[in-house]
Amino acid sequence: MSDTSTLTKKDFTSNQEVRWCPGCGDYAILNAVQSVLPKLGIPKEKVVFVSGIGCSSRFPYYMDTYGFHTIHGRAAAIATGLKVTNPGLSVWMITGDGDSLSIGGNHFIHAIRRNIDINVLLFNNEIYGLTKGQYSPTSPTGLVTKSTPYGSLDRSFSASSLAIGAEASFFARAIDTDPKYLQEIIARATAHKGTSVIEILQNCVIFNDGAHNWTTDRASKDDHQLRLEHGKPMIFGAERNKGIRLNGIKPEVITIGENGMTEADVLVHDEKTPEPTLAYFLSRMRAPEFPTPLGVFRAVEDSTYDEQVHQQLEDIRLKKGQGDLKKLLFAGDTWEVKGDQNHA
Amino acid sequence: MSDTSTLTKKDFTSNQEVRWCPGCGDYAILNAVQSVLPKLGIPKEKVVFVSGIGCSSRFPYYMDTYGFHTIHGRAAAIATGLKVTNPGLSVWMITGDGDSLSIGGNHFIHAIRRNIDINVLLFNNEIYGLTKGQYSPTSPTGLVTKSTPYGSLDRSFSASSLAIGAEASFFARAIDTDPKYLQEIIARATAHKGTSVIEILQNCVIFNDGAHNWTTDRASKDDHQLRLEHGKPMIFGAERNKGIRLNGIKPEVITIGENGMTEADVLVHDEKTPEPTLAYFLSRMRAPEFPTPLGVFRAVEDSTYDEQVHQQLEDIRLKKGQGDLKKLLFAGDTWEVKGDQNHA
Amino acid sequence: MTTTTRVELDRVTIRFAGDSGDGMQLTGTQFTNTSAIVGNDLATFPDFPAEIRAPAGTLPGVSSFQVQIGETDIYTPGDDPDVLVAMNPAALKVNLPVIPKGSTVIVDTASFTRRNLEKAGYDANPLEDGSLEGYHLIEVDLTKLTLNALEGLELDNKAKTRCKNFCALGMMYWMYTRPLEPTKEWIERKFARKAILAEANKLALQAGYNYANTADLMASSFEVKPAQIAPGIYRSISGNQALALGLVAASKQVGLPIFLGTYPITPASDILHELSKYKEYGVITFQAEDEIAAVCAAIGASYGGGLGMTSTSGPGMALKSEAIGLAVKTELPLVIVNVQRAGPSTGMPTKTEQSDLLQSLFARNGESPLCVISCSRPTDCFDVAREATEIAVRFMTPVILLSDGFIANGTGPWKIPDPDALPQIDIHRPSDPEDFKPYQRAEDTLARAWAIPGMPGFEHRIGGLEGQNETGNVSYDPKNHETMSLLRAEKIQRIAQFIPEQEVVGPESGDLLVVSWGGTYGSVYSAVLQAQREGKSVAHAHVRYISPLPRNLGELLQRYKRILVPELNLGQLSKLLQYTYGIKVETLNKIQGQPFKVREIKSTIDALLA
Amino acid sequence: MTTTTRVELDRVTIRFAGDSGDGMQLTGTQFTNTSAIVGNDLATFPDFPAEIRAPAGTLPGVSSFQVQIGETDIYTPGDDPDVLVAMNPAALKVNLPVIPKGSTVIVDTASFTRRNLEKAGYDANPLEDGSLEGYHLIEVDLTKLTLNALEGLELDNKAKTRCKNFCALGMMYWMYTRPLEPTKEWIERKFARKAILAEANKLALQAGYNYANTADLMASSFEVKPAQIAPGIYRSISGNQALALGLVAASKQVGLPIFLGTYPITPASDILHELSKYKEYGVITFQAEDEIAAVCAAIGASYGGGLGMTSTSGPGMALKSEAIGLAVKTELPLVIVNVQRAGPSTGMPTKTEQSDLLQSLFARNGESPLCVISCSRPTDCFDVAREATEIAVRFMTPVILLSDGFIANGTGPWKIPDPDALPQIDIHRPSDPEDFKPYQRAEDTLARAWAIPGMPGFEHRIGGLEGQNETGNVSYDPKNHETMSLLRAEKIQRIAQFIPEQEVVGPESGDLLVVSWGGTYGSVYSAVLQAQREGKSVAHAHVRYISPLPRNLGELLQRYKRILVPELNLGQLSKLLQYTYGIKVETLNKIQGQPFKVREIKSTIDALLA
Ligand SMILES: Cc1ncc(C[n+]2csc(CCOP(=O)(O)OP(=O)(O)O)c2C)c(N)n1
Ligand SMILES: Cc1ncc(C[n+]2csc(CCOP(=O)(O)OP(=O)(O)O)c2C)c(N)n1
Ligand code: SF4
Ligand code: SF4
Ligand SMILES: [Mg+2]
Ligand SMILES: [Mg+2]
């Protein structure tokens, strides 16, 4: 195993030219990943990036680690086989909103269901970048794109609601424009055992520029972002005087100090509550009524499929002993034919 | 259009012999559907049953309506094309837990996302029946089946959490053993515009007998079933003295009349609340801590994809006039080559 | 005991038929196992209804099991049954059309009730209306016989009646002079925890035997002498079982754990069921959400250094095709088992066919060559599974292994090999991180070295986009694409140097060569042997390797005046031979979901040589 | 105005090359359209980089557009450019290798900065180090020229510099004696809302023209005389556009609305983009969650009585295969467009290839025959789309329509047909609910009648399980399966009675027949014409119908001593011809993601006839 203490960003940078459009949000994400990886203490040769197809999915080529640029939508399934076979690896899945929520939707929810121990970075630019600008399942209804010249008609998925519908043990949201925060979240995801989904709001300058402006604009971001912290009240706003209150089962924005509201009225975030209902509740908070929640929605430890598989192999080996091929082949009803003559 | 007033159950019964195992829950469901259909006022020729593959998916053969027994997992996609092309039809999708949540998971959530106006009857027997007894995504962890002789390791899907994660506009749950209630729910689903998902807890006598006994057992069913009614408090129990209370964002079972609890403490069901959080909350209530919620979790009117498609065609026709092929072919930069001689 | 004659036969074919609930598969299997133990050679053909149970007593609910036992080499379950055991009217109705006149038909008279006759669609009782004229009809009230035998037991009548299949089996044991002990022992093991059921079934078995022994209605019993079989320890094994064991053996030979990514589908599911039992052998079985995930997970497993495998049947195969293309491009080892069934589309899931050969060769976008090999009979599956794995690892390529429903469910006596004698298979790993190039190739095989995540210094990226020769870096260079396309094709051709030459049975040249592949082996071989015995100039080449074809095959085909290719499809190997060697072949196609009968092939041979 | 000579040419090939951001596709298209308007015949070849934009100035970012214009029939975009316009060092580096010595190379000197040279991987400046010896190099500071021309305009320098492609275009217009007006009018329409940009681009265009007119460095201008073209109204159209229009026209002919279920994929996406504009024609486009859902929704649409269609490229095609099998079995009309690209796997998405022919024929489980037809050039797509639809509806079958990246993005001048002259296509509907049988067939076509939900009295069930003849009820009957398998195959063969006989261009018999299919039409035809002009006994048969093949093709192939089949794959039509007709053919295979050059084919013809 190679030494991890001397690793630097350069060790994770491959010699391949990065080929996204100038200004694409993918650069910042790449940068964040390359910056945080040396700090995680994982030997470089144990790191594998598996991606599907999309602009974002070219990511593995730029990492000087093991990498597999697979086919559209299937990264989750490939990562599953990889992780189960070789559980010592640190497996990262890079995917886009089309890759993981359109064609790859089923593998995405099933990976989450099984709680495979992989880290999923979902680059959500609400568009198909690579194929030059068709709408995606996360595009807002009405979006005019190459394939919807009169506006799209589909309702859109909330990546978070869907992931939590599948009972994701870890879900977080981050943005391309705040790479330091992104690094923090990535570190959190790495520490989590099980499927860690990070939805990264990413800007496609070419085909969907400004899709996340409401959330990311410097000027208004304090009012439009709710940074979740475990055990802390959900307070936000430039003046940190706004909060989320539970009204029955619905969220409500209150202003602390107005209408008799105090910090005590503000809902306290609990990423570890066993049932995912609170995370689902957060997933329903959207602009413009609510700030966009960022950070870790949910981080609940549960058994992972990969670990269970090996545990089961182990248990049975302990009980039955290491398999003996001879015993296996000669099992069941056997009979002997002797010598060269027949027996009766 | 044929007369609907004289329709009887017989009109919906085909001449094909029903071929499920004796005692299979599918019989009761078939019976319920054949019984309720004549009452719904839909001309028989407008009714189409589309199914995937599975024991349950043989259903269309037994209905004397239009029917399409398609391929494994794809019924939702086929029903989508059918309904969008021919929106006057009453389209029913018949599917199993494997068919719709395993191989067909993606089409299932995308149909829900688009809110196609179809009625989905999901026969959840928590097993693969047709292929003779492998576990399914809804099988409880640890289930010993043909493919998991040492017990399954996967966490299971909650069909309801998943559907509500995809923001189902209508979700209900019913059981095979109470066909009258099932008929009621089917009528409700038919009335709903948009994707109506009914999860039917169905018993596979051969490969997973008794999977739903906790919920369906005659003796304990009053204590183990919570029948949801819009606008009514969530009260259940043989003595109708138990209720569900909201504790923060978590459900809690209380006994009315104990510890100072009154009916007023019981949460009132609201199937029409716009955000799906309450429905999600219900989807998390499971045995043995909670009674199994039955009935309509959510029924929220929203635009449907099929309707929107035709609205958009209409709007554009109104604006641009009915398309004239000549105009289309001769559009753009054209030039004329005259007579037999060249022009310069 | 009456005096009965004992007649010696060199082979006999028996078909057990009844309702799905009557236990015919089990009855047939017991008869088979006992016959194997007494040293007969044999082949079986279980034929059961579509996946769901039809209502009891109906035609679609009929399940049958045919077995041929014999003194000399038996390669098929027999064309025409000598005996039909029909447990109810539906079983009689479904099976009688294929039973030749003169055969023996044994029926359970108790089941010929009005209701059952109706369910079977009989207007009149065939036992009475002359329908069975020309057959040797034996009417037995099996139900009563069984109930009488079990009189003292504390079981309800329904449970007792369920034992009547053992009663029928007992009769057959007497008829064909087989011992009861193996079955009695099996019953004891099977019902170890339910002594009363063990007792009941043993009593029923004995009752049938005694009845046949005593009753006048059986004029003679028969003896089928033991076969001339190579010495060794034997067991009876089905194709799917043998295939699963072969994969486990291969895993040991290669020294890598199996990862089977799969999704249940008839008739392949049993491979999953078998392998999921072998956890102490380190076998990981992963029931994926669908076939795409199944093969992708297997690809991920191979990428991660395991033995990625996947098993399916036709419709699932179609779904896997895009991902298999990825394995071709990235050059990862992968074993893909396709247990063929009748198509198109859902088709007839429980029926056999050979119609996925061209799908295996061409069901991918672009030029994406891979290796295809086939099994010929149940016991052969063990070796083919091992070979497929070896080729996959040695040549870093996906290998499609074609089995079919007939082979998968059929059984045969298998001489168990010595696992310690199986050779180790070496893996070609890169050794030097300096100057490591993921697509640098071995000179002989053209295989790239298999570097896996976790190996320090060999970090690299692979993917589905065209890659530069040697480095594998994404490349759109036109010439490079041609180079790589030709290299991928050539690598598969190189496998022909590794596999054995095609053999023929019969003359080295002559009037006719019959070329077969897959599960038709037994019928074709038997037919050719018959023709040879008649002195005809005909040989048999059974092609095991479909892609690449054996290196000598082209030359070999030239040596015969005519080539006959019988297939259970509309002509697929024939197309392959025609375009590969520019020859014309005669075809014999059958597409009925049923195996060839020996005589169907024999009569075609006769016609061609007439 | 200096005096320059004017030289007449019968054909000329020009390649515009620059960075993806330089607008080369647009520049080329303008040159093409203007040439079409002045009456030249032409063919184009846009060639752009992989889907993502590479960083400006790099080699992978180079985009090019080649056009051949001529006086006589032009069938290809030209083998070798006579002129290369290179907007930056990377464009020069990528393209120079295919530019023959003696050609003209025009470069924008302003872009040959140190940084750009580095990005292009040039160690030294090729304008200075002798690399361009033997070429007729024209160095122009396009940037400065443009900036000067736009001096007065209120635009920043970056915006101004972006107009330099029009400056280059203006130069080419002068060189090849083309009018500026059509482009000026286009600019005005395009920038109707941004008057200042319209002004800027027009000024740049004029500046280039004037510069070329004035400057000494161009010794002569050329004239390419108008072609002899059939009279009519023309427009320039790409393959994907023509295909989309053909589908809309077919929809009118059949009187049913289009439902396109699809998923974006290069190079097929434009069909979706086009069709999604045509809402007033009742066209429904459905962007599904994946290719499986796309084709399934189309199947649902056809089942519901619409015209179900789907469009994709290789990898998507692989995913659709299981569902296509369902359409084959249920016998529903379905049009499946596969715009082929270089494979295997993801391959080279923007590059062309013909490697999905065998995939189209065989990528399904079981015997599942369907119709396959192909387009030969951009304008042909209109008719092929109509034909595919007609066959689908008339024969109740899926039809695979094979286009490719070269055809899809290439353009040609299209003589617009009179839509009112397109014949109505009748649908075979059942008439009598009494005794209606969903799988009863028309005598001539063997097509079943198309009953759709909503028709009272025709309620019935269909599905993927094998169905009984006529009733369609689920059936496991062995003979019935064979009957149905043969009927499905025979129905597809019957299409051969409906499509025209194969035609040849050239002698009716002779030394050599060159057989091509799909997008190689132009190169092969041009090569054959050249050989014929040299007096060689060679003919050309371009096969449009792949399954079934034309009814006279077998006989026709016999009439030539040798058959040459050039293909952009490793030999797929050749296999089909070999196994179908039992003949041997010569192959010419190229698999570089690029179309054939005429001379590649011509030299093979020469060699074969030497
Ligand atoms: C089977 C298949 N279908 C379609 C495509 C074409 N395709 C490639 S990427 C993509 C969508 C990309 O969108 P997204 O996943 O959001 O990634 P982004 O480019 O936005 O990062 C599509 C449709 C493909 N490569 N393979
Ligand atoms: C592509 C494909 N894969 C697999 C199968 C085999 N198969 C048929 S039904 C089924 C699962 C059935 O389970 P479920 O949907 O729960 O239906 P049930 O039989 O329990 O009603 C499977 C795996 C198939 N027919 N097609
Ligand atoms: S198209 Fe959009 S997502 Fe893709 S590289 Fe360009 S900016 Fe980024
Ligand atoms: S296997 Fe189970 S689900 Fe299928 S028919 Fe039988 S009882 Fe019903
Ligand atoms: Mg995207
Ligand atoms: Mg089920």
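Residues numbered from 1 in each chain as written. Chains lettered and ligands numbered in written order. Predicted model: local features only at pLDDT ≥ 70, side-chain atom pairs only at ≥ 80, totals over all residues. Heavy atoms only, no water.

**Student:** Residues and numbers for the site of ligand 1, please.
**Tutor:** Neighbouring ligand 1 are 21 residues; Cys55, Ser56, Asp97 and Asp99 of chain A together with Glu291 of chain D lie closest to it. Near ligand 1, the surrounding residues are drawn from chains A, C and D. With respect to ligand 1, the backbone of Asp99 of chain A contributes an N or O atom lying 2.6 Å from an oxygen atom. Considered on its own, ligand 1 offers 580 Å² of accessible surface; in the complex 99% of this is hidden by protein. A per-element tally of the shell around ligand 1 places helix H3 (residues 97–103) of chain A first, with 3 residues. A per-class count over the shell around ligand 1 returns 9 nonpolar, 8 polar and 4 charged. (Near = heavy atom within 4 Å. Polar contact = N/O pair within 3.5 Å; in protein donor to acceptor, adjacent residues only side chain to side chain. Areas by Shrake-Rupley, 256 points an atom, 1.4 Å probe, with all protein chains shown as cover. Helix = DSSP H or I, 4+ residues; strand = E, 2+ residues; numbered from the N terminus. Nonpolar A, V, L, I, M, F, W, Y, C, P; charged D, E, K, R; others polar.)

**Student:** Describe the interface of chain B and chain C, listing the residues and the values that go with them.
**Tutor:** Listed per partner, the contact involves 27 residues of chain B and 27 residues of chain C. Between chain B and chain C, a total of about 2200 Å² is buried, with carbon and sulfur atoms accounting for 58% of that surface. Here chain B and chain C share 0 salt bridges between them. Linking chain B with chain C are 7 residue pairs in polar contact (both at pLDDT 80 or more). Across the side of chain B that touches chain C, the residue classes break down as 14 nonpolar, 7 polar and 6 charged. (Contact = heavy atoms within 4.5 Å. Buried area = accessible area lost by both parts, 1.4 Å probe. Salt bridge = Lys/Arg side-chain N within 4 Å of Asp/Glu carboxyl O.)

**Student:** Would you mind going over the domain arrangement of chain A in detail, with residue names and values included?
**Tutor:** Residue and element names in this part refer to chain A. Annotation of chain A at the domain level lists domain 1 (4–226 + 271–306) and domain 2 (233–268). Every contact between the two is made by 11 residues of domain 1 and, on the other side, 14 residues of domain 2. In total, domain 1 and domain 2 occlude about 960 Å² of area from one another, counting both sides; carbon and sulfur atoms represent 80% of this. Ranking the residues of domain 1 by area buried against domain 2 places Asp223, Leu226 and Phe281 at the top, with a combined share of 49%. Counting every contact that joins domain 1 to domain 2 gives 0 salt bridges. Our count for the domain 1 to domain 2 interface comes out at 2 residue pairs in polar contact (both at pLDDT 80 or more). (Domains from an automatic or database assignment.)

**Student:** Tell me about the coordination of the magnesium ion (ligand 5), residues and numbers included.
**Tutor:** Residue and element names in this part refer to chain A. Protein coordination of the magnesium ion (ligand 5) is provided by Asp97 (OD), Asn125 (OD1) and Ile127 (O), with donor distances spanning 2.1 to 2.2 Å. Each donor residue of the magnesium ion (ligand 5) belongs to the same chain, with the gaps between them written as D-x27-N-x1-I. A residue pair is termed long-range when its members are at least 10 positions apart, and Asp97 in helix H3 and Asn125 in the loop between strand S4 (119–124) and helix H5 (159–165) qualify at 28 residues. A relative accessible area of 2% places Asp97 in the buried class. (Donors = N, O, S within 2.8 Å, 3.2 Å for Na, K, Ca; no water. Buried < 20%, exposed > 50% of the residue type's maximum accessible area, 1.4 Å probe, protein only.)

**Student:** Provide a residue-level description of the packing of aromatic side chains, including the pertinent values.
**Tutor:** Going through the model one piece at a time under the given rule, you end up with 53 aromatic pairs over all chains. Between the aromatic rings of Phe436 of chain C and Phe458 of chain C, the centroid separation amounts to 5.0 Å while the plane-to-plane angle is 85°, which identifies the pairing as edge-to-face. One end of the pair, Phe436 of chain C, is in the loop between strand S16 (411–415) and strand S17 (461–463); the other, Phe458 of chain C, is in the loop between S16 and S17, with 22 residues separating them in the sequence. Exposure remark for Phe436 of chain C: the relative accessible area of 16% places this residue in the buried category. On the basis of relative accessibility, which here comes to 5%, the residue Phe458 of chain C falls in the buried class. Consider the rings of Phe259 of chain D and Phe286 of chain D, whose centres lie 5.9 Å apart with planes at 35°: the pair is tilted. (Phe/Tyr/Trp six-rings, centres within 6.5 Å; stacked < 30°, edge-to-face > 60°.)

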